[in-house]
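Single-letter residue listing:
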Amino acid sequence: MNGSRRRTPQEIADTLRERIRAGTLRPGARLPTQAELAGEFGVERGAVRQALRVLQEDGLLSDVSKGSPPRVAEQRPAREGPQPTMVALAPRLTEAFSAPHVRIDAVCLTAQSLIPALGEPLRLIHEGRLRPARIDARILLPSRDINLAFPVSVDAGSEEDDAVHQRWLAMRNAQGQVLQYNLQALRGTHGIDVHVTFRALPFTPPVKLYLLNEAEALFAHYMITRRAEPTDSGTLEMWDTLGSESLLFSFEQRAGQRDAAFVEQSRKWFDALWETITTDLTLS
């Protein structure tokens, strides 16, 4: 390649990426030194370093910041497509609980999906197969004092509006208390340092978001549907969401630049809500 024009960092990255994909550079193998690559491509080492950073952001290289040449990252299995929350959330939480310090941030309508999804990691903790030292959970739920966008009575403005709201409020509080109890019980049974905090949103979240260990963002849209709830006095018709059936999309920081940017922006969005317009929430 010498003897022609100098390659840009992006062109160098594209050439190395093609060698990785073709198997010329195999997973676990070290790349040539920066000096060797600079000589091959006829560029300064700074251009090589930029190219290596691009490949690291794409998840193709590891150990880029160390003194020795980076390695080709081990190929990770292809991620499955989006799955319903009831299916996808539990295994992701279980993996998150393998960290010494577990961090869970959630924006949701209620804790309906979180409670069953936490069952598996809690079971593994009780069996001694998972041993986190600390768990921090921050949960954002809608305030009791706002007019929810959903669930709401199909008959807007009718007497059923208050019944729908009270039903949601009772569910929000009961599920939040169960979630809090299940996690904080680990203090006494396993000596884990647990902190569970709730804050109230001044709006109805149109989506749900779970941030796991600041490394993965799980995102789903709330799909609105008409449903009927039996009551003592008849049937309550409402516009509601079946949150556990919402398709959950996973974005991982280590999966490349696009995913990493989504995780980072989701974290900043959550922190901004937590620190600004939300208020203290007491589950009662």
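Further up the page is the structure itself.
Conventions used here
- Residues numbered from 1 in each chain as written.
- Predicted model: local features only at pLDDT ≥ 70, side-chain atom pairs only at ≥ 80, totals over all residues.
- Heavy atoms only, no water.
- Helix = DSSP H or I, 4+ residues; strand = E, 2+ residues; numbered from the N terminus.
- Rg over C-alpha atoms; globule rule 2.2 N^0.38 Å.
- Contact = heavy atoms within 4.5 Å.
- Areas by Shrake-Rupley, 256 points an atom, 1.4 Å probe, with all protein chains shown as cover.
- Lys, Arg positive; Asp, Glu negative; His and termini not counted.
- Charge placed at Lys NZ, Arg CZ, Asp CG, Glu CD.
- Pairing = 2+ DSSP bridges.
- Axes fitted to C-alpha atoms, helices over the stretch in contact; angles between N-to-C directions.
- Expected span 1.5 Å × (residues − 1).
- Buried < 20%, exposed > 50% of the residue type's maximum accessible area, 1.4 Å probe, protein only.

Draft legend 1. How the structure looks around the overall build of the chain. Scanning the chain from terminus to terminus reveals 8 helices and 13 strands. Over its C-alpha atoms the chain spans a radius of gyration of 24 Å, topping by over 25% the 19 Å that the globule rule assigns to 284 residues. Contacts spanning at least 24 positions in sequence make up 73% of the contacts within the chain whose residues lie at least 6 apart. Accessible area for the chain stands at about 14800 Å²; split by element, carbon and sulfur atoms hold 50% of it. In the chain, which carries 34 positive and 36 negative side-chain charges, the distance between the mean positions of the two groups comes to 10 Å.

Draft legend 2. The sheet that holds strand β8 (residues 207-212), seen in detail. Taken in spatial order, the 8 strands make up an open sheet running β3-β12-β9-β8-β4-β5-β7-β13, and their pairing is mixed. The sheet terminates laterally at β3 (83-84) and β13 (279-280), the two strands that pair on one side only. Pairing of strand β9 (residues 216-221) with strand β12 (residues 247-252), which is carried by 4 bridges, proceeds in the antiparallel orientation. When the bridges of β12 are listed, glutamate 216 appears paired with glutamate 252. Seen against the sheet, helix α7 (residues 160-190) touches β5 (134-142) and β7 (193-201) and runs at an angle of roughly 160 degrees to β7.

Draft legend 3. Layout of helix α1 (residues 9-22). Taking 1.5 Å of rise per residue, the 14 residues of α1 would be expected to cover 20 Å, and the 20 Å separating its terminal C-alpha atoms lies within 8% of that figure. The inward-facing, buried residues of α1 abut α2 (34-41), α3 (45-57), β1 (61-62) and β2 (71-72). Just past α1, the residue glycine 23 takes up positive phi, approximately 90 degrees.

Draft legend 4. Structural view of the environment of leucine 31. Position of leucine 31 among the secondary structure elements: in the loop between α1 and α2. What makes leucine 31 buried here is its relative accessible area of 4%. Distance from leucine 31 to valine 72, taken between C-alpha atoms, is 7.2 Å for residues 41 residues apart in sequence. In contact with leucine 31, not counting residues within four places along its chain, are Leu16, Leu25, Leu37, Leu52, Leu61, Pro69, Pro70 and Val72.

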